[in-house]
Amino acid sequence: CRVLERGIPVKKVGIWLVVLACVLFCVSCASAPAEQPADAEDAAKAFLTAFYTADEEDRYTEFLSATEGASSDETLDAAADAYHASLAEFSTEEVVETLAQNRTLSQYDAAHAGQDVQVQSVELEADDGFYAFTVEIDAGGTAETYTGQISVAEDTGLVDNFYQAAA
């Protein structure tokens, strides 16, 4: 064995191999992507639950407060970012931008202002690369149902398309 011919004990070689294996393991763990929902259905359900829980964690109330009398674009942009943060966690930047431009979330929250809205169920049905969804909510004692389509990008595990059908 050449290792022994050079005077390096086999024990030291073994230790270095274990150290190298540990370093490689740590590097591979550090480069792993951030934890995402377990699968596409979980991501879609998390997004829909966050969206349809009106004024979730006072997002709309705080948004109105932050934008009231705002005099700069920076203030408005920061308020919009904070307002959409709960959805940004589960979706691509493009989806959040579309929601902001179309005022989809703010229209929903405004329509349910002052109501205690709880998501009762989220149902998904695979439909040619998308999921057809049905969300049932309890809006202050009134049952409401919302439908539409949602999709999740395979590479990121984030919602990359959201379409709410007209009510």
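The notes below deal with the structure included here. Model, not experiment: these values are computed from the prediction.

**Focus on the pairing of strand β2 (residues 130–139)**
Burial along β2 is one-sided: Y131, F133, V135, I137 and A139 are buried, and none of F130, A132, T134, E136 and D138, which face the opposite way, are. As defined by bridge partners, strand β1 (residues 117–127) adjoins β2 across 10 bridges and the pair is classed as antiparallel. Bridging from a neighbouring strand, V117 pairs with A139 of β2. The loop that links β1 with its antiparallel partner β2 comprises 2 residues; one of these, D128, has a positive phi angle of about 55°. Relative to strand β3 (residues 142–152), β2 is paired through 9 bridges, and the arrangement is antiparallel. Along β3, the bridge assignment pairs F133 with G148. Where β2 folds back onto β3 in an antiparallel hairpin, the turn is made up of 2 residues, including G140, whose phi is positive at roughly 60°.

**Regarding the packing of aromatic side chains**
Here a ring pair, both rings aromatic, is described through the centre-centre distance and the interplanar angle of the planes. Evaluated as defined, the whole model comprises 12 aromatic pairs. Members of the aromatic cluster, connected to one another through ring pairs, are F47, F51, Y52, Y108, F133, Y146 and F162.

Basis of the calculations
Note on numbering: residues in each chain are counted from 1, in written sequence order. Confidence filtering applies because this is a predicted model: local features only for residues at pLDDT of at least 70, side-chain atom pairs given and counted only at 80 or more, and all residues used for totals across whole chains, interfaces and linings. Calculation of side-chain values draws on the structure's entire complement of heavy atoms; hydrogens and water are dropped beforehand. Relative accessibility thresholds used throughout: buried, under 20% of the residue-type maximum; exposed, over 50%; partly exposed, between the two (1.4 Å probe, protein chains only). Under the DSSP-based scheme used, a helix requires at least four consecutive residues in state H or I and a strand at least two consecutive residues in state E, with every element numbered from the N terminus. One requirement defines pairing of two strands: DSSP has to find at least two bridges between them. Working definition: rings of Phe, Tyr and Trp (its six-membered ring) pair if their centres are within 6.5 Å, and the pair is stacked with planes under 30 degrees apart, edge-to-face with planes over 60 apart, and tilted otherwise.

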